[in-house]
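This is what each chain is made of:
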Amino acid sequence: MQKPPQAIDFALKETSPKIGAGAVTGDKLSCTYDLVEQMQYLYVRVVKAKDLPAKDVTGSCDPYVEVKLGNYKGTTKHFEKKSNPEWNQVFAFSKDRIQASVLEVFVKDKDVVLDDLIGRIIFDLNDVPKRVPPDSPLAPQWYRLEDRKGDKAKGELMLAVWMGTQADEAFPDAWHSDAATVGSDAVTHIRSKVYLSPKLWYVRVNIIEAQDLLPTDKSRFPEVFVKVILGNQALRTRISQSKTINPLWNEDLMFVAAEPFEEPLIFTVEDRVAPNKDEILGKCLIPLQIIQRRLDHKPVNSRWYNLEKHVVAEGEQKKEIKFASRIHLRICLDGGYHVLDESTHYSSDLRPTAKQLWKSSIGILELGVLSAHGLMPMKTKDGRGTTDAYCVAKYGQKWVRTRTIVDSFMPRWNEQYTWEVFDPCTVITIGVFDNGHIHGAAGKDARIGKVRIRLSTLETDRVYTHSYPLLVLHSSGVKKTGEIQLAVRFSCSSLINMLHMYSHPLLPKMHYIHPLSVIQLDSLRHQAMQIVSMRLSRAEPPLRKEVVEYMLDVDSHMWSMRRSKANFFRIMGVLKGLISVGKWFDQICNWKNPLTTILIHILFIILVLYPELILPTVFLYLFLIGIWNFRRRPRHPPHMDTRLSHAEAVHPDELDEEFDTFPTSRGSDIVRMRYDRLRSIAGRVQTVIGDLATQGERFQSLLSWRDPRATTLFVTFCLIAAIVLYVTPFQVIALLTGLYVLRHPRFRHKLPSVPLNFFRRLPARSDSML
């Protein structure tokens, strides 16, 4: 059954933006910054002033500069009592919003009541020179100040004024007239920035044994375990089987650590004195900086470390005393693994931690974040809805954040970013957020939606320009919060190298030589995500925790009825092909279309008489199917599919369950109802799994003598079959079997066949279950 197409509102749209790629322009910008539309800006760099006159009664000068263009005005900070101040600040005025014909630059003296004018400079916008990177920056020059009448005033100001584009290196740190309403404190929160994820390592701790422990109670056998803490990660060993003062464990514990290493490994050896009471027998701190780094599975040398005991003496004071107890450890930083910090289905990087093991890059990914339209109001300000949108893109260790466009439902960013690509089977994630930290607010950055693009689905060197729907699942259902227009290009340096990548394992070697368990990987990934979100939220300006967690899909492992249904139908979609082949073969066997069945007979007889043609025919058939499907190949990159996700027609209670906290915050009646529903679904899953197990066990019981009569029959059949097949040529057997299977319906019975009856009668282990 063909899946109905997605609602047009949720579909991908092809667009034709006015970008340099694909267009022939004589502008140098089109070579370096060609995936975005050109935006013109008037730049004013205020460098410094000299010989400013004293204006105050006190005979001093507190100067600042005001740059004014029509209704927009930007001011520098002021200096106390300084006649030769240095500002070095850039102002950028969007050409789209310029309504004036002159630019005015005032130098003023800060005063309590009214600021005095020291002097001004006026520029005619028609005379302002243009600058196109990669031309060198325009050199600033000294201008003599004039008073209001146009006469010369005392003092000079060093300035540079030019027309440029967003490709200008002054663009990211400039004060933008677009954000004139934002206070000076919040300006840093709206600028574009590039962030790097911290370098993550797996720390492998092998706890071997301890010696000469001193338990307080000598009359009982000590029950000793070791607790290891690294930052906010805590793991412990099992209680040692050898209940002596020299316990043995030989247990491996794994942690995630990020460079620069700030926290040490803290080991405590503890004795389980009573069911809920543990006594510390010794403690040991090991800084990660001194730990050996390994690149492969070669063994690491073990070491004995002294344990220190804390004793309370003289009231509350703690004294540390060294004593003879020691612990035997093998610790290393495992650089041969890739530390997973994002959901495995959407990985953007698969390289091992150690740089020595990195292969060279295979290409470049370029992303142009053009604009968004139709954004929803995300908050209210002065009684009206407003949105301050910015984008975050993550690929590999590099995160980029565009500038925030203040108070606009149709923001235009036109910013371009580049990443090195080491593996084509990776995904770039682009998220759109509402900035909740301007206008003095301190809320969370609300999610507007996200887009994922798998690089391997993109044709090399083609520029994809599409408008992607921004879809967010709320507790009330799936909502479209707008559309984002992107331009994407994946260029590869060597096609041979890239094709060669397809023969390599996805993850580094160590994952296959010394694999980590699924539970271990899940727990380590959770820790890695926490470390990344904590580090990026400490940057300036911070990339906030809620943003990082949404980009990394932190909650993708949580139970969701909707997601479970979607996955079930995905499995059914995969099996649908096999089922349709089975139906087609059944129609041939039942002579639904006699001509097709006769053709299949002819093909079958040719293949049996010339068995060397079987494999060439199969591969030729697959080749022809592939060529036939080429004309129906997808022309768009993949995007969020609401039908596939079962997000369009989901039950409200299932959504409420998905958005419930963990542990639940709902009332007991609702939880009971959900628990019963979960039990009924789990019961059905359990039945299906049980049926699969039963079929497998029946195969096992063919030769296991659980049913002596059935095994006797099967063993006898095998002996007769071996003799018959030895005597009779294989072609004859194959021909007779095939003709029997393809026989006409008049020679068929409605009852199941003998082999099927025999198989269904075989015993499974289900009758031994409680």
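Keep in mind it's a predicted model, so treat the numbers as computed, not measured.

Peer 1: If you had to explain the confidence of the model for the protein to someone new, which residues and values would you point to?
Peer 2: For the protein, mean pLDDT is 84; residues scoring 70 or higher make up 93% of the total. Per-element confidence in the protein ranges from a low mean pLDDT of 51 for helix 1 (residues 29–32) to a high of 95 for strand 24 (residues 389–395).

Peer 1: Please provide a residue-by-residue account of the pairing of strand 26 (residues 412–421), values included.
Peer 2: Taken residue by residue, a regular strand's side chains alternate between the two faces of the sheet. By the criterion of burial, strand 26 is predominantly enclosed, with 7 of the 10 residues buried. Where strand 21 (residues 363–373) and strand 26 come together, 8 bridges link them in antiparallel fashion. Residue pairing in the sheet places Leu365 in a bridge with Trp419 of strand 26.

Peer 1: Give a description of the environment of Gln89 that names residues and reports values.
Peer 2: Positionally, Gln89 belongs in strand 5 (residues 86–94). When its relative accessible area of 23% is taken as the criterion, Gln89 is described as partly exposed. As for Gln89 and Val46, which are separated by 43 residues in sequence, their C-alpha atoms are 5.3 Å apart. Excluding anything up to four places from it in sequence, Gln89 contacts Val44, Arg45, Val46, Thr75, Thr76 and Lys77.

Peer 1: Describe the environment of Glu657, with residues and values.
Peer 2: Structurally, Glu657 is set in helix 9 (residues 652–658). By relative accessible area, Glu657 is classed as buried at 14%. C-alpha of Glu657 to C-alpha of Gln695: the two residues are 38 residues apart in sequence and 35 Å apart in space. Setting aside residues up to four positions removed in sequence, Glu657 forms contacts with Trp559, Met561, Arg674 and Arg677.

Peer 1: Let's hear about the environment of Cys492: which residues, and what values?
Peer 2: Inspection of the secondary structure assignment puts Cys492 in strand 30 (residues 477–492). Between the C-alpha atoms of Cys492 and Ser361, which are 131 residues apart in sequence, the distance is 9.1 Å. In contact with Cys492, not counting residues within four places along its chain, are Ile362, Gly363, Thr460, Asp461 and Met498.

Peer 1: Break down empty space enclosed by the protein for me, citing the residues and quoting the values.
Peer 2: As enumerated under the stated definition, the model contains 3 cavities of 30 Å³ or more in all. Its boundaries defined by the atoms lining it, the largest cavity holds a volume of some 200 Å³. A class-by-class count of the residues in the lining of the largest cavity yields 6 nonpolar, 5 polar and 6 charged. A volume near 140 Å³ is recorded for the second largest cavity. Around the second largest cavity sit 14 residues that line it, and Ala174, His176, Ala179, Ile190 and Arg403 are the ones nearest its centre. Looking at the lining of the second largest cavity, its residues break down into 8 nonpolar, 3 polar and 3 charged.

Peer 1: Tell me about the sheet that holds strand 27 (residues 427–434), and please be specific about residues and values.
Peer 2: Strand order in the open sheet formed by 5 strands is 11-25-24-27-28, with antiparallel pairing between adjacent strands. On the outer flanks of this sheet lie strand 11 (193–196) and strand 28 (446–454), each paired with one strand and no other. The average angle at which neighbouring strand axes cross in this sheet is 20 degrees, direction not considered. Where strand 24 and strand 27 come together, 6 bridges link them in antiparallel fashion. Bridge pairing in strand 27 links Ala393 to Ile430.

Peer 1: Account for the sheet that holds strand 26, with residues named and values stated.
Peer 2: Across the sheet, which stays open at both edges, the 5 strands sit in the order 1-29-30-21-26 with antiparallel pairing between neighbours. Two strands bound the open sheet, and with one partner strand each, they are strand 1 (13–14) and strand 26. Relative to strand 30, strand 21 is paired through 10 bridges, and the arrangement is antiparallel. Note that in strand 30 the partner of Leu367 across the bridge is Val488.

Peer 1: Requested: an account of the pairing of strand 14 (residues 233–236), with residues and values cited.
Peer 2: With 4 bridges connecting them, strand 13 (residues 224–230) and strand 14 associate as antiparallel partners. Pairing of Leu230 across the sheet is with Gln233, part of strand 14. Remark: 2 residues form the turn of the hairpin made by strand 13 and strand 14, two consecutive strands paired antiparallel; Gly231 in that turn has positive phi of roughly 60 degrees.

Peer 1: Describe helix 11 (residues 708–727), listing the residues and the values that go with them.
Peer 2: The end-to-end C-alpha distance of helix 11, which contains 20 residues, comes to 29 Å, matching closely the 28 Å that a straight helix rising 1.5 Å per residue would cover. By the burial criterion, the buried members of helix 11 are Ala710, Thr711 and Phe714. In an axial view of helix 11, the angular spread of the buried residues amounts to 90 degrees, which keeps them on one side of the axis. Away from its buried face by more than 90 degrees, helix 11 exposes Arg709, Leu713, Leu719 and Val727. The elements touched by buried residues of helix 11 are helix 13 (754–760).

Here is what the cut-offs are and how they apply
- Residues numbered from 1 in each chain as written.
- Predicted model: local features only at pLDDT ≥ 70, side-chain atom pairs only at ≥ 80, totals over all residues.
- Heavy atoms only, no water.
- pLDDT = per-residue confidence, 0-100.
- Helix = DSSP H or I, 4+ residues; strand = E, 2+ residues; numbered from the N terminus.
- Buried < 20%, exposed > 50% of the residue type's maximum accessible area, 1.4 Å probe, protein only.
- Pairing = 2+ DSSP bridges.
- Contact = heavy atoms within 4.5 Å.
- 1 Å grid on protein atoms, 1.4 Å probe; cavity = no way out; pocket = protein on both sides within 12 Å on 5 of 7 lines; lining within 4 Å.
- Points joined across faces, edges and corners; volume = space filled by probe spheres on them.
- Nonpolar A, V, L, I, M, F, W, Y, C, P; charged D, E, K, R; others polar.
- Axes fitted to C-alpha atoms, helices over the stretch in contact; angles between N-to-C directions.
- Expected span 1.5 Å × (residues − 1).
- Arc of directions from axis to C-beta.

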